[in-house]
Amino acid sequence: MPAIVNPVRRARPVFALVLVGGLLGACSGGDFGRTRADMRNDDMHKWIGAEATASVGVRPSQFQLTDNERQLRDLAYPLIEPPHSRPAWKSVFGDYQPSASPWRQKVVFDRTAYGRALIDEPHRSHASRYTQLIDDVRDDITRFEPFFASAIRVIDLDRKRDASMKYMTELSPREQADAVARMQENSLIVQWVQISLEQRVSSYRWALERLVLQAPDGMAAEADRLIHELAAQTANPPVAARPLIERPLTTRG
């Protein structure tokens, strides 16, 4: 008697290949959503300055980025990217996403978003939620000093640039405008990070309060200590950029 072949079972490999091919084709950001190689370049965070200036109506500078200015933008990105818990699948399928500046009129800060994502996403236990919160706050504390060390260098050099322009010969209006625009851009980036840190502290506090409410645990003490440490650093930054516009204060939640 001839063997009976299950057509559904034989079709599975073909279906799997089609499915995988479709996934790869759909991921415009690269394999499995990872950042495309053509986006990973020295100026991949240059958009931060352009977004900051555009959002407040300031003309962008046409100057190329200096090494210090490029580093400032590289160190700023992890601090302006909205904080959120990162389950394993996000580390694979997540893609590099530009963020809107806090001066965009339609951007409303929601201090509950981080905590709701942390609580709603699947975790093995409530302890893993506390661990995620602690890791996220600790990461921000670790990033704080390198960013502001870079900001000190950039702002100090901008002060020297500003002072030297009055002594330059044959300085064209276009050159002067580009120099001023770059200094404004750098200042806005520092302000953006400062605002982001204040918002992150608020988000972390809301998340901790809800964790304690839903699943009290001794780990809350360590989370609270780290949030206070980040809040203290944020309230006393080692450098303050000269404000160009009023700070956004609208929040939700």
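Residues numbered from 1 in each chain as written. Predicted model: local features only at pLDDT ≥ 70, side-chain atom pairs only at ≥ 80, totals over all residues. Heavy atoms only, no water.

(A) Representation of the overall build of the protein within the structure. The helix and strand inventory of the protein stands at 8 helices and 2 strands. Ordered by position from the N terminus, the helices and strands of the protein form the series α-α-α-α-β-α-α-α-α-β. For the protein, buried positions account for 38% of its 253 residues. Sequence-distant contacts in the protein: of pairs separated by 6 or more residues, those separated by 24 or more amount to 85%. (Helix = DSSP H or I, 4+ residues; strand = E, 2+ residues; numbered from the N terminus. Buried < 20%, exposed > 50% of the residue type's maximum accessible area, 1.4 Å probe, protein only. Contact = heavy atoms within 4.5 Å.)

(B) Quick peek at helix H6 (residues 126–164). Over its 39 residues, H6 extends 57 Å from the first C-alpha to the last, a length consistent with the 57 Å expected when each residue adds 1.5 Å. Approximately 30° is the largest bend angle found in H6, and it occurs at Phe 144, with the proline Pro 146 only one to four residues beyond. (Expected span 1.5 Å × (residues − 1). Bend = angle between axes of the 7 residues up to and from the residue.)

(C) Spatial organisation of the pattern of salt bridges. By the definition in use, this model includes 18 salt bridges. Here Arg 59 ties to Asp 178 by a salt bridge, and the two come within 2.9 Å at their closest N and O atoms. A residue pair is termed long-range when its members are at least 10 positions apart, and Arg 59 in the loop between helix H2 (47–55) and helix H3 (67–80) and Asp 178 in helix H7 (residues 173–214) qualify at 119 residues. In this structure Arg 59 comes out as partly exposed when scored by relative accessible area, which is 36%. For Arg 143, the salt bridge identified is with Asp 140, shortest N-O distance 3.2 Å. (Salt bridge = Lys/Arg side-chain N within 4 Å of Asp/Glu carboxyl O.)

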